[in-house]
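# Close look at the chain arrangement
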Amino acid sequence: MKKVLFLAGLLIACSCEEKNPSHRFSSVEIKTVFEDSVSIRALEVMPGVVAFAGSGGVFGNVETGTDRVRVSRQQYQGLFPDFRAVGHTNTDFFMLSAGDPALLFKTGDRGQMELVYTESGPGVFYDSMAFWDDTYGIVVGDALSGCLSVLLTRDGGSSWKKLPCESLPPALEGEGAFAASDTNVALFGTHCWIGTTAGRIYYSPDLGSTWEVFQSPIVNSLQTQGIYSIDFHDEKLGFAIGGDYTEPEINRANKALSRDGGRQWELVGDGADPGYKSCVQFIPGSSGMDLAAVGFTGVVYSADQGSSWVQLSEESFYSIRFINDSVAYASGKGRIAKLTFR
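Here is a short report on the structure shown in this document. (Residues numbered from 1 in each chain as written. Predicted model: local features only at pLDDT ≥ 70, side-chain atom pairs only at ≥ 80, totals over all residues. Heavy atoms only, no water.)

## Regarding the overall build of the protein
Put simply, the test is: Secondary structure elements follow DSSP: runs of H or I no shorter than four residues count as helices, runs of E no shorter than two count as strands, and numbering proceeds from the N terminus. Radius of gyration: C-alpha atoms only; globule rule: 2.2 Å multiplied by the number of residues to the exponent 0.38. Contacts were defined at the residue level, with two residues in contact if any of their heavy atoms lie within 4.5 Å.
The secondary structure content of the protein amounts to 0 helices and 28 strands. Computed over its C-alpha atoms, the radius of gyration of the protein comes to 18 Å, within 12% of the 20 Å expected for a compact globule of 342 residues. The principal-axis extent of the C-alpha atoms belonging to the protein is close to 50 × 50 × 35 Å. Of all intrachain contacts in the protein linking residues separated by at least 6 positions in sequence, the fraction that spans at least 24 positions is 49%.

## A look at the sheet that holds strand β8 (residues 93-97)
As a reminder of what qualifies: Any two strands are treated as partners once DSSP identifies two or more bridges connecting them. As a rule, the C-alpha atoms of each element are fitted with a line to give its axis, helices using only the stretch in contact, and angles between N-to-C directions run from 0 to 180 degrees.
With antiparallel pairing, 4 strands are arranged side by side in an open sheet as β7-β8-β9-β10. Of all the strands in the sheet, the pair left with one neighbour each is β7 (83-88) and β10 (113-119). In this sheet, neighbouring strand axes are inclined to one another by 20 degrees on average, regardless of whether the strands run parallel or antiparallel.

## Notes on the pairing of strand β12 (residues 137-144)
When a strand is regular, its side chains alternate between the sheet's two faces. Pairing of strand β11 (residues 126-131) with β12, which is carried by 5 bridges, proceeds in the antiparallel orientation. Bridge pairing in β12 places Phe131 opposite Gly137. In this antiparallel pair of consecutive strands, β11 and β12, the connection spans 5 residues. Connecting the antiparallel pair β12 and strand β13 (residues 147-153) is a turn made up of 2 residues, with Ser145 showing a positive phi of about 55 degrees.

## Here we look at the packing of aromatic side chains
The relative placement of two aromatic rings is captured by the distance of their centres and the angle of their planes. The test is simple: Paired rings are identified among Phe, Tyr and Trp, the last through its six-membered ring, by centres lying within 6.5 Å, and are further divided according to the angle between planes into stacked (under 30 degrees), edge-to-face (over 60) and tilted (the rest). Only protein chains enter the accessibility calculation, which uses a 1.4 Å probe; a residue whose area is less than 20% of its type maximum is buried, one above 50% is exposed, and one in between is partly exposed. The rule is short: NZ of Lys or CZ of Arg within 6 Å of the ring centre and within 35 degrees of the ring normal puts a charge over the ring.
Inspection of every chain in the model, using the stated rule, returns 18 aromatic pairs. Between the aromatic rings of Phe59 and Phe93, the centroid separation amounts to 6.4 Å while the plane-to-plane angle is 20 degrees, which identifies the pairing as stacked. Taken together, the residues span a long stretch of sequence, with Phe59 in strand β5 (residues 58-63) and Phe93 in strand β8 at a distance of 34 residues. When sorted by exposure, Phe59 lands in the same class as Phe93, which is buried. An aromatic cluster of three or more residues is present, and its members are Phe178, Tyr228, Tyr245, Tyr276 and Phe296. Just above the ring of Tyr318 sits the side chain of Arg41; from NZ or CZ to the centre is 3.8 Å. The lysine or arginine in question, Arg73, covers the ring of Phe80, its NZ or CZ lying 3.5 Å from the ring centre.

## Quick notes on the state of the cysteines
This is how the line gets drawn: The disulfide definition used here is simple: a pair of cysteine sulfur atoms within 2.5 Å.
Scanning the entire structure with this criterion turns up 1 disulfide. Covalently, Cys147 is tied to Cys165 through a disulfide, its sulfur atoms 2.1 Å apart. With the S-S bond torsion at -75 degrees, the cross-link from Cys147 to Cys165 turns out left-handed. Pair noted here: Cys147 is in strand β13 and Cys165 is in the loop between β14 (161-162) and β15 (185-188), with a separation of 18 residues, a long-range link. Cysteine Cys192 shares no disulfide, and the gap to the nearest cysteine sulfur, in Cys147, comes to 15 Å. Exposure remark for Cys192: the relative accessible area of 0% places this residue in the buried category. Cys279 takes part in no disulfide bond, and the closest cysteine sulfur to it belongs to Cys192, at a distance of 16 Å.

## Side note on the pattern of salt bridges
Which entries qualify depends on this criterion: Salt bridge, as used here, is a side-chain nitrogen of Lys or Arg placed within 4 Å of a carboxyl oxygen of Asp or Glu.
Counted under the stated rule, the structure contains 12 salt bridges. For the salt bridge of Asp82 with Arg84, the shortest nitrogen-to-oxygen distance reads 3.1 Å. On the basis of relative accessible area, Asp82 is assigned to the partly exposed category, the value being 31%. One salt bridge in this structure joins Lys162 and Glu119, with 2.8 Å as the shortest N-O distance.

## So, the side chain of Asp92
We count it as follows: Counting of polar contacts relies on pairs of N or O atoms within 3.5 Å, with two restrictions inside protein: one atom must be capable of donating a hydrogen and the other of accepting it, and residues adjacent in sequence are counted only when both atoms are side-chain atoms.
Inspection of the secondary structure assignment puts Asp92 in the loop between β7 and β8. Overall, the relative accessible area of 12% leaves Asp92 in the buried class. Side-chain polar atoms of Asp92 contact the side chain of Thr91, separated by 3.3 Å.

## Some thoughts on the environment of Gly141
Its location among the elements puts Gly141 in strand β12. Residues Gly141 and Ala272, spaced 131 residues apart in sequence, show a C-alpha to C-alpha distance of 31 Å. In this view, Gly141 contacts Phe125, Tyr126, Asp127, Leu148 and Ser149; residues no more than four positions away in its chain are not counted.

## A closer look at the sheet that holds β11
Across the sheet, which stays open at both edges, the 4 strands sit in the order β11-β12-β13-β14 with antiparallel pairing between neighbours. What marks the edges here is a single partner per strand, and that holds for β11 and β14. Taken together, the 2 bridges between β13 and β14 define a ladder with antiparallel strand orientation. Across the sheet, residue Leu152 finds its bridge partner in β14, namely Lys161.

Here you go:
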C-alpha cells in the first residue's frame, strides 16, 4: 500500500510491507548515518523515513532507502528546546519538548513547524507522544496536581486538551514517566498503556477516554527506578523493561511480560542480564517472540519473549525503532545509526 507523507516541506512516498521469516540473530552490523553534538532520544518510523528530534532544537529525518539525512533546527523565543518525543499522522509530523515550557509543534501548511500547544509552570515535564491513527493522539507527562499529565487530540493534532484529574487514576507521590526513549507509551488498536516511574501501568481501552491502573513487579523503590520502556505486540502481549540507570548492572526485577493486556505481569529473565535498558521493542514478523533492547550499556536480543538474552553489541544507544524484520535505526548521544541484525 502506497502512502504519501508531508514532513517539514518534503513529500515522501513509499511502499512498505512486513516480512515474516524465523528470527535467530547472532550479530548486529552498526553503521552510523548521522553525527552531531546533540542527544537524540526520540525516533519515529514514517513512510520512507525515520524522523527524529533531540536536544538543541535539532530535528530531521533519515531516508531509509539511501540513509540521506535532512536536519533542521527549531527555535522558540531565543531558546532551542530539548525535544524528547515525536509522533506522526499521514499528513503531519509532531515534536514535543520536555521541560518548562513544554512546546508541541506540528508541520504547518507552508512547510514550517507551528506551535499547537504550550504549557508552563513548576513541575511541567512531558515525556512521550503517540498517535492511534490520523485523528486520535496522546501526550504523557509527569504528575501535576495529583494525576499524570495527559493531553489528547481528537482532530489530528491541530488542538490538544489536558485531561482533568477526575478522569484519571490518582498518581502516587512523585510519579511520572521517564523521557529516556519516547517509549513509555504503547498503542494497539484503541488500547493504550503507559509505564511509570512507580512501576505502574495506566491502561485505557478506548482512545484515552477511560483509565485504570495496574501494578507491575518492576523495581521502583528509588527515583531512578521504574519502567523506562514498554511495548505491546497486540492487545494482549506486552513487555516492560527498566531498572536503575545509576546502577545499570542490577538485573533483578527489571524485565516483565504480560499476556492479558497489562493487567498482570510476570518477571522474566530475573537475575540474568541484561540490567538497565532504556528502550525495548518487539521485532516485526516474529509472532511476538523476539525482542531487542538498547541502553547506554549496549544492544541485546531475545528470541524467547525475554526469558534469555544475548549481547550483540557494546555500543551505546537510547532508543531503537524497526523498519522491517531485521533492520532498525537507533539513536543516542551524538548520533543515529542503522542496525542490521543477522
